[in-house]
Amino acid sequence: MKSKHLAAIIGISFTLIITACGGGSSSSNDTGATIQPGKTTYNTDTFSVQIPKDWETLEKNSFTSNVPPETIVVFRNNIKNDIFTANVNIAQKALSQKITVKDFAKSNLEILKNNLIGYQLLNEKEDKINFGKDSLPTYKTEVEGKKSASERIMHFRQVYVINNNIMYTVTATYLPNEDESVGNALGEILDSFVLK
């Protein structure tokens, strides 16, 4: 694999480990899709995603310096936790050459395996995401681990998709013992991600 791919994979891998972000503003509106009760739609030119109305939206202008440049937006639970606040981040990276979404995800998993203490792969599968009248292949993963010996184990759920040689990585990060409602909300956010 070329070094440019490795750099892209490393950058997106470290997007997983965002532990805190500064304040931010919300930028959302309706795309015409059916919005679930208590949700709002966050739109860009290339994707949309439904998030809980009361969650915080952090955009590039409010990121701290530890947020990787590939990160476009972070959605953070409105119920703050002293240890870690559950969040979803969306990263976007232009690829320099063609690679399958499965190969990209597998490369990312290998980097996580080498960088997370107590790494455990819990689930991985190929899937599809709606894209207009068609669909695009996606790869979904679920892992646990911690970035240092002194930190808590974190749970990561990711969706990878490539469109027009751009890799989108949607990552939900939360504590494994998080309330079930938080885990469900994170899953709904991941499932609502749609490319335009």
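Attention in this report is confined to the structure presented alongside it. Quantities reported herein were computed from a predicted structural model and do not represent experimental measurements.

### Some details on the overall build of the protein
In step 1: Within the protein one finds 3 helices and 10 strands.
In step 2: Residues counted as buried form 48% of the 196 residues belonging to the protein.
In step 3: Across the protein, the fraction of contacts at a sequence separation of at least 24, relative to all contacts at a separation of at least 6, is 56%.
In step 4: Just so you have it, the protein exposes about 9,700 Å², and 47% of that area is on carbon and sulfur atoms.

### A look at the sheet that holds strand β10 (residues 194–195)
Within a beta sheet, neighbouring strands are joined by backbone hydrogen bonds and run either parallel or antiparallel to one another.
In step 1: In spatial order, the strands read β1-β2-β10; together these 3 strands make up an open sheet with antiparallel pairing. The open sheet terminates on both sides in strands that have one partner only, identified here as β1 (39–43) and β10.
In step 2: The strands touched by helix α3 (residues 180–192) are β1, β2 (47–52) and β10; relative to β2, the strand with the most contacts, the crossing angle is about 160°.

### Some points on unusual backbone geometry
In step 1: Phi at Asn-164 takes a positive value of approximately 50°, unusual for a residue other than glycine.
In step 2: In this structure, Asn-164 sits in the loop between β8 (154–163) and β9 (166–174).
In step 3: Backbone geometry at Asn-165 places phi at a positive 60°, although glycine is not the residue there.
In step 4: One can find Asn-165 in the loop between β8 and β9.
In step 5: Asn-165 gets classed as partly exposed once you look at its relative accessible area, which sits at 26%.

### Observations regarding the sheet that holds strand β7 (residues 134–146)
In step 1: The strand order β3-β4-β5-β9-β8-β7-β6 describes an open sheet built from 7 strands, whose pairing is antiparallel. The sheet is open, and its two borders are formed by β3 (56–59) and β6 (117–131), each paired with just one other strand. Between one strand and the next, the sheet's axes are offset by a mean angle of 15°, whatever the strand orientation.
In step 2: Two strands pair when backbone bridges link them, and β6 and β7 are joined in this way by 12 bridges, in the antiparallel orientation. Bridge pairing links Asn-123 to Glu-142 in β7.

Rules used in this analysis
- Residues numbered from 1 in each chain as written.
- Predicted model: local features only at pLDDT ≥ 70, side-chain atom pairs only at ≥ 80, totals over all residues.
- Heavy atoms only, no water.
- Helix = DSSP H or I, 4+ residues; strand = E, 2+ residues; numbered from the N terminus.
- Buried < 20%, exposed > 50% of the residue type's maximum accessible area, 1.4 Å probe, protein only.
- Contact = heavy atoms within 4.5 Å.
- Areas by Shrake-Rupley, 256 points an atom, 1.4 Å probe, with all protein chains shown as cover.
- Pairing = 2+ DSSP bridges.
- Axes fitted to C-alpha atoms, helices over the stretch in contact; angles between N-to-C directions.

So, to be careful, I would describe these as geometric facts and stop short of saying anything about function.
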